[in-house]
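Report on the structure
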Amino acid sequence: MTLGPQRRLALLGGGFSTDDDGVVDDWLLGLVDAARPRVCFVPTASGDSPGYIERFLAAFSSRPVRAEVLPLFRRTLDDEALRTFLLSQDIVYVGGGNTANLLAVWRAHGVDRLLREAYDRGVLLCGISAGANCWAEGSHTDSFGPLTHLADGLGLLPGSVCPHYDGEPGRRPSYRAAVAGGALPPGWAVEDGVGALFTEGRLTEAVTRAPGAGLYRVEPDGEGGATERAVPCRALRREDRLSP
């Protein structure tokens with residue numbers, strides 16, 4: 001019996017857009033077995049922000065990778081070329097911004113279907129904030145202004161996701177209430193500075209660059225509330241950084 005590639009995705013609570021030490025991104029690059037991996041940044045959630053793209057290229061062009069960007073607001077690839085481009089990547093790295101807008105644009109261009117195919121073929125999918133939310137069945141978001149739930153995602157990761165669990169006022173009680181009331185399925189709350197790797201939908205590694213920052217499993221308690229279970233995280237060290 002021939003086994004296919006492992007399907008993996010990572011939720012990021014840090015990276016080039018928020019951290020100055022680079023350890024979360026180095027951890028991410030260490031997850032792929034390639035001498036010079038292809039890393040594609042997808043900035044859809046920010047409206048293809050030029051500044052965001054520049055920060056990505058500045059951070060990754062100095063690393064032993066092939067850094068690329070997929071713009072969709074000024075799309076240049078036809079359907080066949082787009083598919084070839086995404087399936088050729090080792091890592092697809094999705095930036096933060098508006099989760100609802102991100103999903104709508106992806107669906108209009110068929111990127112949602114291509115990312116499912118890439119996932120099935122072993123491309124590592126990851127992202128921060130909206131780029132973490134998008135992979136789950138549902139998420140906790142400020143896409144519509146106030147914090148609320150979005151019961152709509154790609155569903156590659158079972159359950160729900162809440163980013164910035166400790167980094168934005170109101171995130172923790174609002175997400176817990178959404179899970180307790182059934183507006184969102186049980187899921188994962190990611191604090192800033194954390195990375196979480198899922199293989200075939202199961203958590204296989206959790207790391208943190210910030211002392212005290214954690215990953216939590218949030219589930220209904222059966223009595224109208226929610227339970228919150230901290231997951232042990234391995235501390236990332238600056239001395240473990242990849243060499244350029």
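All of the points below concern the structure found in this document.

1. Side note on the sheet that holds strand S11 (residues 202-208)
Read across the open sheet, the 8 strands follow the order S3-S2-S4-S5-S1-S10-S11-S14; overall the sheet is mixed. Looking along the sheet, the strands with just one partner apiece sit at the ends: strand S3 (66-69) and strand S14 (234-235). Pairing geometry for strand S2 (residues 38-42) and strand S4 (residues 91-94), over 4 bridges, is parallel. Looking at S4, one finds that Val-42 is bridged to Val-94. Packed on one face of the sheet, helix H2 (residues 50-60) meets S2, S3, S4 and strand S5 (124-128) and runs near 170° to S3.

2. Details of the packing of helix H3 (residues 79-87) against helix H5 (residues 111-120)
Packing of H3 against H5 leaves a shortest axis separation of 9 Å and a crossing angle of 35°. Considering how the two elements wind past one another, H3 and H5 form a crossing that is right-handed. Contacts between H3 and H5 involve Leu-82, Arg-83, Leu-86 and Leu-87 from the former and Val-111, Leu-114, Leu-115, Glu-117 and Ala-118 from the latter. Classifying every residue of the contact of H3 with H5 by side-chain character gives 7 nonpolar, no polar and 2 charged.

3. Details of the pairing of strand S10 (residues 194-199)
With respect to burial, S10 is a largely interior element, 6 of its 6 residues being buried. Residues Val-194, Ala-196 and Phe-198 of S10 are buried on one face, and the alternating residues Gly-195, Leu-197 and Thr-199, pointing to the opposite face, are buried as well. Sheet analysis places strand S1 (residues 8-12) next to S10, joined by 5 bridges and oriented antiparallel. Directly across from Leu-12, in S10, lies its bridge partner Gly-195. As paired strands, S10 and S11 are joined by 6 bridges and run antiparallel to one another. Note on S11: the bridge partner recorded for Val-194 is Thr-208. What sits between S10 and S11 in their antiparallel hairpin is a turn of 2 residues, with Glu-200 showing a positive phi close to 55°.

Conventions we followed
Residues numbered from 1 in each chain as written. Predicted model: local features only at pLDDT ≥ 70, side-chain atom pairs only at ≥ 80, totals over all residues. Heavy atoms only, no water. Pairing = 2+ DSSP bridges. Helix = DSSP H or I, 4+ residues; strand = E, 2+ residues; numbered from the N terminus. Contact = heavy atoms within 4.5 Å. Axes fitted to C-alpha atoms, helices over the stretch in contact; angles between N-to-C directions. Left-handed = near helix turned anticlockwise from the far one by under 90°. Nonpolar A, V, L, I, M, F, W, Y, C, P; charged D, E, K, R; others polar. Buried < 20%, exposed > 50% of the residue type's maximum accessible area, 1.4 Å probe, protein only.

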